[in-house]
Amino acid sequence: MKFDYAPAPESRSIVSIKPKYGHFIDGKFVAGRKHFPAINPATEEILSQIALAGVAEVDAAVKAARKAYTITWSKMSGRERGKYLFRIARIMQERSREFAVLETLDNGKPIRESRDVDIPLAAAHFFYHAGWADKLEYAGLGTSTKPHGVAGQIIPWNFPLLMLAWKVAPALATGNTVVLKPAENTSLTALLFAEVCQQAELPAGVVNIVTGNGSTGALIVNHPGIDKIAFTGSTEVGKIIARAVAPTQKSVTLELGGKAANIIFEDAAIDEAIEGIVNGVFFNQGHVCCAGSRLILQESVADEVIEKLKRRMGLIRVGDPMDKNTDLGAINSKEQLLKIRELSATGDTEGAQRWSAPCDLPKKGFWFAPTIFTGVTQAHRIAREEIFGPVLSVLTFRTPQEAIDKANNTPFGLSAGIWSEKGSRILWASQQLRAGVIWSNTFNKFDPTSPFGGYKESGWGREGGRHGLSAYLKGVGHE
Ligand code: ADP
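Residues numbered from 1 in each chain as written. Predicted model: local features only at pLDDT ≥ 70, side-chain atom pairs only at ≥ 80, totals over all residues.

Draft legend 1. Representation of the pairing of strand E11 (residues 294-298) within the structure. Within E11, 5 of the 5 residues are buried, which leaves the element mostly enclosed by the surrounding structure. Where burial is concerned, the two faces of E11 agree: the one with Arg 294, Ile 296 and Gln 298 and the one with Leu 295 and Leu 297 are both buried. Alignment of strand E10 (residues 261-264) against E11, held across 4 bridges, turns out to be parallel. Bridge pairing in E11 links Asn 262 to Leu 295. For the segment spanning E10, helix H9 (residues 270-282) and E11, crossover handedness is right-handed. Pairing of E11 with strand E14 (residues 391-397) involves 5 bridges; the strand directions are parallel. In the strand pairing of E14, Gln 298 is matched with Phe 397. (Buried ≥ 20, exposed ≤ 12 C-beta atoms within 10 Å, placed from the backbone. Helix = DSSP H or I, 4+ residues; strand = E, 2+ residues; numbered from the N terminus. Pairing = 2+ DSSP bridges. Right-handed = clockwise from strand over helix to strand, strands pointing away.)

Draft legend 2. The arrangement of the domain arrangement of the chain in detail. Per the domain assignment, the segments of the chain are domain 1 (23-255 + 456-474) and domain 2 (261-440). The partner domain 2 presents 25 residues to the 19 residues of domain 1 that form the contact. For the side of domain 1 that touches domain 2, the elements supplying multiple residues, two or more each, are helix H3 (96-107) and helix H4 (111-132). In terms of residues, the side of domain 1 that touches domain 2 owes the most to one element, H4, which gives 3 residues. (Domains from an automatic or database assignment. Contact = placed C-beta atoms within 7 Å.)

Draft legend 3. View of the pairing of strand E9 (residues 251-255). A large share of E9 lies buried, amounting to 5 of its 5 residues. Side-chain alternation along E9 places Ser 251, Thr 253 and Glu 255 on one buried face and Val 252 and Leu 254 on a second face that is also buried. Taken together, strand E8 (residues 228-232), helix H8 (residues 235-245) and E9 constitute a β-α-β crossover, and its handedness is right-handed. Examined bridge by bridge, E9 and strand E17 (residues 459-460) share 2 bridges and lie antiparallel to one another. Bridging from a neighbouring strand, Leu 254 pairs with Trp 460 of E17.

Draft legend 4. A look at H3. For H3, spanning 12 residues, the distance from its first C-alpha to its last is 16 Å, which sits close to the expected 16 Å at 1.5 Å a residue. The element H3 is extensively covered by neighbouring structure, given that 9 of its 12 residues are classed as buried. As for H3, its buried residues are in contact with strand E3 (34-39), strand E4 (46-52), helix H2 (78-94), H4, helix H5 (160-173) and helix H6 (188-199). Gly 108 sits one or two residues past H3 and shows a positive phi near 95 degrees. (Expected span 1.5 Å × (residues − 1).)

Draft legend 5. Region of the structure containing the environment of Asn 325. Along the chain, the position of Asn 325 falls in the loop between helix H10 (299-313) and helix H11 (334-349). Among the residues examined, Asn 325 registers 15 C-beta atoms within 10 Å and is labelled partly exposed. Once the C-alpha coordinates of Asn 325 and Glu 10 are considered, the two residues, 315 residues apart in sequence, prove to be 10 Å apart. Setting aside residues up to four positions removed in sequence, Asn 325 forms contacts with Tyr 5, Ala 8 and Arg 317.

Here is the structure:
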C-alpha cells in the first residue's frame, strides 16, 4: 500500500529579501556597482540582485580586515574573542528558521535539510570554536601560537552557510580577520550572516563579505594584503589557486572534489546499508564533495542490494524544496544540471545501464531524478569524475582486497564508507583506504570536533577539530 502526502509547505514570510544587495565592508553595507541575479533554482524566480566586487571593493575589504586585525582583533584576549563567537552562535540559533528558509530559496535544497542539518551545524561550528578561543595554548599546537593575519576565504554553493561557518569560526577563534566571498549562486545567507555580525556588535572589519564570481575570487587570492587563503570548491579552481599562491608567502588550505567509495561487504546489515547508500549519494541532491557516489558491492549480495535500493529510491520524494516532506530538491543551477546530464550521457554511451526512479519532475526549475548506473567499470567516466548530482555508479568486487583496490583507484581521496558487521574488517579496510574521512556503518555524518579534508587531489589541510585550528595558526598548518 502506498500512502500519499498532503503538501506541507514552509512559509517564506519569515524572510525579507531586499531587491538589491551591496558588500559588507568595515562593518557597513556598501553599495555595489555592477549586479547579477540571485535565482531560486526550484522556480527560476529572480530573488534579488547581487553585487559583483571588483578591484576597488576587494581592496577596501582587505584594508578593513588589516586595520581590524592590527587595531582590535589581534590585541583582544581569546576570552573576549570567544564571547563574540558565542554571541554569533546564539543569534544564528535564534534566527535559524529565517536562515533555513533563505538557504532553501536560494540553493534549492529541501527545507528539512537546511532546517535540520545546515543551520544547526553552522551554529555548532561557532559554539565549538568559541570554546577554543581562550584555550589555544592547550590545543597541543604550541604555547605561543600566532594567527596569520588576514584570511581570504572562498566558498562553494552546495552548503552556503555551513561552509561560511567552517571558514569564519576557526579564523576568528584563532585571531585572524576575514575577507569572505560566497559562491555567485548562493550569496543570500552570507549577507544575512553579515547582519548577524552587526547584531553581535562584532568590531568593524573583523568579518568582511564581498560577493561576486570567480573573477572576484581571483582578486582575493592574488591580493598582496592577504596572508592566508582557505578555499572550498572544484579541484580545477583549487589547482589554479595552488599555482597562484606557490610563489608567495601565503598559507593555503584547499578542500576540493571527491569520488567516494561506499563499500558494502556481504556480511553488512543490508537494510541499514540501503539507508546509508541513499543518504550517501542523494543527500543535498548529491551536491556533496564527500558524496558516496561509487557504490562498491560484494558480488554475492549485489542483486539483493540493487533490488532493494531501487525499491527505496522509488520512495524518494522529489519536488518543492519548501515542502517539509521533500527528500530531494532542485539542482542548484542550470549549468550544474547540464554538467550532470552530460556526464550521465557518457554512462550510456560507455555501456553502463541507467535506471532512474519514476517521479514527476516540476516543469519550472532545474531537476534530475535519482539515478543509478549498474555495470560500471573503472574506466568509465562516471566512475572517475565527480558528477556532483543525484547519480550513483555501481561496481562490484569478489575479495576484500579487490574492494580496496577499486576504492583507491581514483585521483581523489576525500571520504569513504565501509559496511560490515565485523569490527576487524572495518579496521583493516579503513587502514587501507586512502581517504581523509572514513565512515563505518553510516555515511555523511559531520561534527565540528572532527577534522575533515582529503588526500591526493581532494585537497590540502583539514577543517574542524584541533587539526582545523592549526590551519589558521602560523608555523603549525600546511604552509
Ligand atoms: P563549482 O564547480 O563547485 O561551482 P568552483 O570551484 O567553480 O566550484 O567555485 C567555488 C568558488 O570558487 C566559488 O565561490 C567561485 O566563485 C570561486 N572561484 C571560481 N573561479 C575562481 C578563481 N579562478 N579564483 C578564485 N576563486 C574562484
